[in-house]
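Structural description and commentary
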Amino acid sequence: MDAGVMGSGTRSDLAVSARTTSAHAAGWVLRSAVAADIEVIAELRATVMRADLERLGRYDEHRVRQRLRDSFSPQHTSIIMIDGELAGCVTVRPAEGRQWLEHFYLAPRCQGRGLGSAVLRTVLERTDAQGMTVGLNVLQGSAARRLYERHGFVVEAQDPIDVFMMRPPGAMASTPAKA
């Protein structure tokens, strides 16, 4: 998931602990990223994005890591921790009059358990409190798009590789329909 932005983007906004009530994603916290996190995050990105990039004919083992290295911003990045272990990361940085959600990756072992929704809710609560629009891009055909749509993101533009989405402040997250 290459995706939005939280708070003012200051270190204090990103370093706040967050707890979730979801039984599946309980016990996670956010910590501020440090420069030393760059390589583990680059590896996480390569692992998480590989299948989608291969499907799109865009996977390059070096480039997938280098793109993270070139844009890594410890002051705007939070590391998602579960039981003292890195479970993922999320970057939220100001740009173009909005907050940009980027580098939102969860380790495969942590996917499908509600953690992504819990982290995204925390990010969006912060941007909503500031009245900020959040933008992101996600690869065409990525399952992550459904996560973003459930949290109020709508398509703004797209090309053969990327879908650009945005969420105005306070956009209501959709709730699953009851059968």
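The sections below set out a description of the structure shown in this document. Computed from a prediction, not measured in an experiment: that's the story for all the values here.

Attention now moves to the pairing of strand 2 (residues 77-82). In terms of residue burial, strand 2 counts as a mostly covered element, since 6 of its 6 residues are buried. Of the pairings in the sheet, the one linking strand 1 (residues 28-32) to strand 2 comprises 5 bridges and is antiparallel in character. Residue pairing for strand 2: Trp28 is matched across the bridge by Ile82. Here strand 2 runs beside strand 3 (residues 85-95); their pairing, made up of 6 bridges, is antiparallel. Residue pairing in the sheet places Ser78 in a bridge with Val90 of strand 3.

A sheet is described by the order of its strands in space; here 7 strands give the open sequence 1-2-3-4-5-7-6, paired in mixed fashion. Two strands lie at the open edges of the sheet, namely strand 1 and strand 6 (154-158), each paired on one side alone. Within this sheet the neighbouring strands show an average axis-to-axis angle of 30 degrees, counted without direction. Of the pairings in the sheet, the one linking strand 4 (residues 98-106) to strand 5 (residues 134-139) comprises 2 bridges and is parallel in character. The residue bridging Trp100 from the neighbouring strand is Gly135, located in strand 5. Contacting strand 1, strand 2, strand 3, strand 4, strand 5 and strand 7 (162-167), helix 4 (residues 115-129) runs over the sheet at an angle of about 165 degrees to strand 4.

Counted residue by residue, strand 4 has 9 buried out of 9 residues, so it is predominantly covered. The sheet contact formed by strand 3 and strand 4 spans 7 bridges and is antiparallel. For Ala95, the partnering residue across the bridge sits in strand 4 and is Arg98. Count of turn residues in the strand 3/strand 4 antiparallel hairpin: 2 residues, of which Glu96 carries a positive phi of about 55 degrees.

This paragraph deals with the packing of helix 2 (residues 38-55) against helix 3 (residues 61-71). Two numbers describe how helix 2 lies on helix 3: the axes approach to 8 Å, and their chain directions differ by 130 degrees. One element, helix 2, and the other, helix 3, form an angle in the oblique class. For helix 2 against helix 3, the interelement crossing comes out right-handed. Facing Ile38, Glu39, Ile41, Ala42, Glu43, Arg45, Ala46 and Leu53 of helix 2, the residues of helix 3 in contact are Arg63, Val64, Arg65, Arg67, Leu68 and Arg69. Split by residue class, the contact of helix 2 with helix 3 holds 7 nonpolar, no polar and 7 charged.

Analysis parameters
- Residues numbered from 1 in each chain as written.
- Predicted model: local features only at pLDDT ≥ 70, side-chain atom pairs only at ≥ 80, totals over all residues.
- Heavy atoms only, no water.
- Buried < 20%, exposed > 50% of the residue type's maximum accessible area, 1.4 Å probe, protein only.
- Helix = DSSP H or I, 4+ residues; strand = E, 2+ residues; numbered from the N terminus.
- Pairing = 2+ DSSP bridges.
- Axes fitted to C-alpha atoms, helices over the stretch in contact; angles between N-to-C directions.
- Contact = heavy atoms within 4.5 Å.
- Parallel < 35°, antiparallel > 145°, perpendicular 65-115°, else oblique.
- Left-handed = near helix turned anticlockwise from the far one by under 90°.
- Nonpolar A, V, L, I, M, F, W, Y, C, P; charged D, E, K, R; others polar.

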